[in-house]
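# Commentary on secondary and tertiary structure
So you can see what is in the structure, the chains are spelled out below.
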Amino acid sequence: MLSTLLFILKIICIAVLAILGLVLFAVLLMLFVPVRYRLSCSYKEDFTARVKITWLLHILSVLATYDHSLELSIKLFGFPLGKGKRGGGEEEEPENGAEGDGEKDGGFGKQEREGGDGALERDGVLERDEALESAVPGERYGREAKEKEPSGGAKADGFSRESADGGKTFTEPPALKESPEKGKGKKKKSFSLNGIFRKIKFRFLGFCDKVRAVEEKGKKIHGFVTDPANQKSFRHILRMTKHILPRKMEGSLVFGFEDPSVTGQAAALCSLAYARYGDSLQITPLFDEQILEAQVKGKGRIFLGIVLYWCLRVLMNKNIRRLLFKRRRKKDGGE
C-alpha cells in the first residue's frame, strides 16, 4: 500500500516538473528568440504600407497591409487563425425590403405632414408671420396704429394727428419710443475710469501669475532633465529605441514644405538617420517646392528579453516612477 502511494506521488512530481520545464522553456523561447519584422511603405499620391512579423521559424506570422484599407492575417504553423480583418470599408447598403418600407413610410409621412386640407401648412404660414412681426416691432406697431386710426377723416403722419376739434397733437411714433427697462439698463452701464483701471490691473496681475507658473514649470523640467539619475534613464530609453529600430533600411525620401525654415528643421532631424543607415537611405530636401515622396524598405529584429530589461532599468528610477504614478492619478481623477 505504501509503495503504491509513493509511486503515485512520484508520477505526480514528474508530471509537475515536466509542466514547469515546458513553461520555463516557452518563457525562454519568448524572451531570447527574436521577433523579426520586415516593412515597406511608399507615398506619392496614395499611401501604401506592408508589415510582416515572424517568430520562431515562421511558426507564428502576422501580415498587415494597407492600401486604401487595412488587411490583417495571422497564421500559426501555416494555418490562418480566423478571417482577415478589413478596415475602412464602404458602408453597407440597406436591404431592398427596408428601403421599400422607408419609401412607403416617407410617402405616407409626407401626406400626414401636409394634411388633407393643408391646415398644418396654413398654421406654419401664420407662425412665420407672427415671427416676422415679433422680429420687426415697428411694423407691428405701425399696423396697429393704422387699424386704430379714426374713420372720420382723421389723418396720422407718424408725428402729428388731428384731433376731433381740428387741432393737432404731437405724437411720437411707437417704434422710436424706448421702454423703461432699456433706460434703466443704460443708466447701469455708466462710464467710469476707475472700473477700467481696475480691470486692466486685474488682467495684468493674471498675466504675471501665468508667467510665473510657466517659469516654475520650466525650472522643474530643467531640473528633471539635468538630474544625473534621470539622464541614466534617458540613455536606457535611447538604447531600447535603438534596439527596436530597423537594423537595415534603404530607399529614398524627398520632401519640401511651404516654409523653408520648416524644411531645414526637418532635414536636421532626418540627418540623424544618416549616422545609422549611411548612404542606403537617400534624403533630399527641396527648399523651393512643396513636395513629399517616399519609398522605404527595412528589416529588423526585437529581443523581448532585452526590451524588458531596459524597461525594468528605467522603472527602477524613483523620479520616473513618481512621474508615471502622478499622471496615472490625474487620469483616474485623483489628487
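Nothing here was measured: the structure is a model prediction, and the numbers come from that model.

What counts as what
- Residues numbered from 1 in each chain as written.
- Predicted model: local features only at pLDDT ≥ 70, side-chain atom pairs only at ≥ 80, totals over all residues.
- Heavy atoms only, no water.
- Helix = DSSP H or I, 4+ residues; strand = E, 2+ residues; numbered from the N terminus.
- Buried < 20%, exposed > 50% of the residue type's maximum accessible area, 1.4 Å probe, protein only.
- pLDDT = per-residue confidence, 0-100.
- Contact = heavy atoms within 4.5 Å.
- Pairing = 2+ DSSP bridges.
- Axes fitted to C-alpha atoms, helices over the stretch in contact; angles between N-to-C directions.
- Parallel < 35°, antiparallel > 145°, perpendicular 65-115°, else oblique.
- Left-handed = near helix turned anticlockwise from the far one by under 90°.
- Nonpolar A, V, L, I, M, F, W, Y, C, P; charged D, E, K, R; others polar.
- Patch = residues over 30% accessible without salt bridge, like charges linked within 9 Å, V, L, I, M, F, W, Y side chains within 5 Å.
- Areas by Shrake-Rupley, 256 points an atom, 1.4 Å probe, with all protein chains shown as cover.
- Salt bridge = Lys/Arg side-chain N within 4 Å of Asp/Glu carboxyl O.
- Lys, Arg positive; Asp, Glu negative; His and termini not counted.
- Charge placed at Lys NZ, Arg CZ, Asp CG, Glu CD.

### Observations concerning unusual backbone geometry
Look at His68: it is not a glycine, yet its phi comes out positive at around 70°. Along the chain, His68 falls in the loop between strand S3 (60-67) and strand S4 (70-76). We classify His68 as exposed; its relative accessible area is 53%. At Phe77, a residue that is not glycine, the phi angle is positive and equals roughly 55°. With respect to the element layout, Phe77 can be found in the loop between S4 and strand S5 (79-80). With a relative accessible area of 58%, Phe77 lands in the exposed category.

### A word on the confidence of the model for the chain
Per-chain confidence: the chain averages 75 in pLDDT, with 65% of residues scoring 70 or above. Here residues 88-122 is modelled with pLDDT under 50, and outside its nearest four sequence neighbours on either side it reaches seven contacts, counting other chains as well. The model gives residues 175-189 a pLDDT under 50, and that stretch makes three contacts with residues more than four places away or in other chains.

### Quick look at the pairing of S3
In this structure, strand S2 (residues 47-55) lies alongside S3, joined through eight bridges in antiparallel fashion. Paired with Trp55 across the two strands is Leu60, which belongs to S3. In the sheet, S3 pairs with S4 via seven bridges, with the strands oriented antiparallel. If you follow Leu63 over to S4, its bridge partner there is Ser73. Taking the residues between adjacent antiparallel strands as the criterion, S3 and S4 are bridged by two residues, where His68 takes a positive phi near 70°.

### Here we look at the pairing of strand S11 (residues 291-302)
As paired strands, strand S1 (residues 35-43) and S11 are joined by nine bridges and run antiparallel to one another. Bridging across to S11, Tyr43 finds its partner in Ala294. Two elements, strand S9 (residues 248-256) and S11, share nine bridges in a ladder whose sense is antiparallel. Residue Phe255 lies in a different strand from S11, and its bridge partner there is Leu292.

### Some remarks on the packing of helix H7 (residues 228-244) against helix H10 (residues 304-315)
Where H7 contacts H10, the two axes come as close as 9 Å, and the packing angle between them is 165°. Judged on the interaxial angle alone, H10 and H7 are roughly antiparallel. Two packed elements cross with a definite hand, and for H7 against H10 that hand is left-handed. In this structure, H7 contributes Ser233, His236, Ile237, Arg239, Met240, His243 and Ile244 to the contact, and H10 contributes Ile306, Val307, Trp310, Cys311, Arg313 and Val314. Classifying every residue of the contact of H7 with H10 gives eight nonpolar, three polar and two charged.

### Let's talk about the side chain of Thr54
With respect to the helices, strands and loops of the structure, Thr54 is situated in strand S2. For Thr54, a relative accessible area of 12% corresponds to the buried category. Other than its neighbours up to four places away in sequence, Thr54 contacts Pro34, Val35, Arg36, Leu60 and Ser61.

### Some points on a positive patch on the surface
Positive charge collects at one region of the surface, where Arg36, Arg38, Arg50, Lys52, Lys75, Lys242, Arg247, Lys248, Arg276 and Lys299 lie side by side. Counting only elements with at least two residues in the positive patch, the list comes to S1 and S2.

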